[in-house]
Amino acid sequence: MQENNQTLSHCPACGENLEAQLIHGDSRIFVCPTHRRFGLSGTAIAMINGNDHYREIIGRRLDRDRNIEQERVYTSDDLNAPIS
Ligand SMILES: [Zn+2]
């Protein structure tokens, strides 16, 4: 089966199975057992699926933000921003 370019099956940070929850317009909310709830825009999902570099960036961001209480929606801007 070909991977759907508009979703993610595994967490980019820890590799656990992700549960796709909700679709908010162009974005999807995922739940990782380790990194809890986070959102990705459709563009960000396509970038992550198409390029391991972006997968690594979002993985680091998820690790950095895992204790933030509020659910975050990451966009293509987050993938292109330098990691602080
Ligand atoms: Zn995770």
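See the structure printed just above.
Residues numbered from 1 in each chain as written. Predicted model: local features only at pLDDT ≥ 70, side-chain atom pairs only at ≥ 80, totals over all residues.

### Some points on the overall build of the protein
Logical step 1: Within the protein, the secondary structure is distributed over three helices and four strands.
Logical step 2: Overall, the protein shows an N-to-C arrangement of helices and strands of β-β-β-α-α-β-α.
Logical step 3: In summary, the protein has a C-alpha radius of gyration of 12 Å against a globular reference of 12 Å for 84 residues, a match within 12%.
Logical step 4: Taking the principal axes of its C-alpha atoms as reference, the protein extends roughly 35 × 25 × 25 Å.
Logical step 5: Looking at the 84 residues of the protein, the share that counts as buried comes to 27%.
Logical step 6: Counting only contacts in the protein whose residues sit at least 6 apart along the sequence, the fraction spanning at least 24 positions is 44%. (Helix = DSSP H or I, 4+ residues; strand = E, 2+ residues; numbered from the N terminus. Rg over C-alpha atoms; globule rule 2.2 N^0.38 Å. Buried ≥ 20, exposed ≤ 12 C-beta atoms within 10 Å, placed from the backbone. Contact = placed C-beta atoms within 7 Å.)

### Considerations on helix α1 (residues 42-50)
Each α-helix winds once per 3.6 residues, and so residues spaced three or four apart point in a common direction.
Logical step 1: Within α1, burial applies to A44, I45, M47 and I48. Considered in projection along α1, the buried side chains sweep an arc of 165° and stay on one side of the axis.
Logical step 2: On its buried side, α1 packs onto β2 (27-32), β3 (36-41), α2 (52-65), β4 (72-74) and α3 (76-80). (Arc of directions from axis to C-beta.)

### A short note on the nonpolar core
Logical step 1: Ranked by internal contacts, the top residues of the largest apolar core, which has 18 residues, are F30, A44, I48, Y54, I58 and L79.
Logical step 2: The contacts of A44, once residues within four sequence positions are left out, are Y74, T75, S76 and L79. (Core = buried A, V, L, I, M, F, W, Y, C linked by C-beta atoms within 7 Å.)

### Description of the sheet that holds β2
Strand pairing in a sheet takes place through backbone hydrogen bonds and is either antiparallel or parallel in direction.
Logical step 1: Read from one edge of the open sheet, four strands run β1-β2-β3-β4, paired in mixed fashion. The outermost strands of the open sheet, each flanked by one partner alone, are β1 (19-24) and β4. For this sheet, the mean inter-axis angle between neighbouring strands, taken without regard to orientation, is 30°.
Logical step 2: Summarising the sheet, β1 and β2 pair through five bridges and their orientation is antiparallel. Looking across to β2, one finds that E19 is bridged to V31.
Logical step 3: Running over the sheet, α1 touches β2, β3 and β4 and is turned about 95° from β3. (Pairing = 2+ DSSP bridges. Axes fitted to C-alpha atoms, helices over the stretch in contact; angles between N-to-C directions.)

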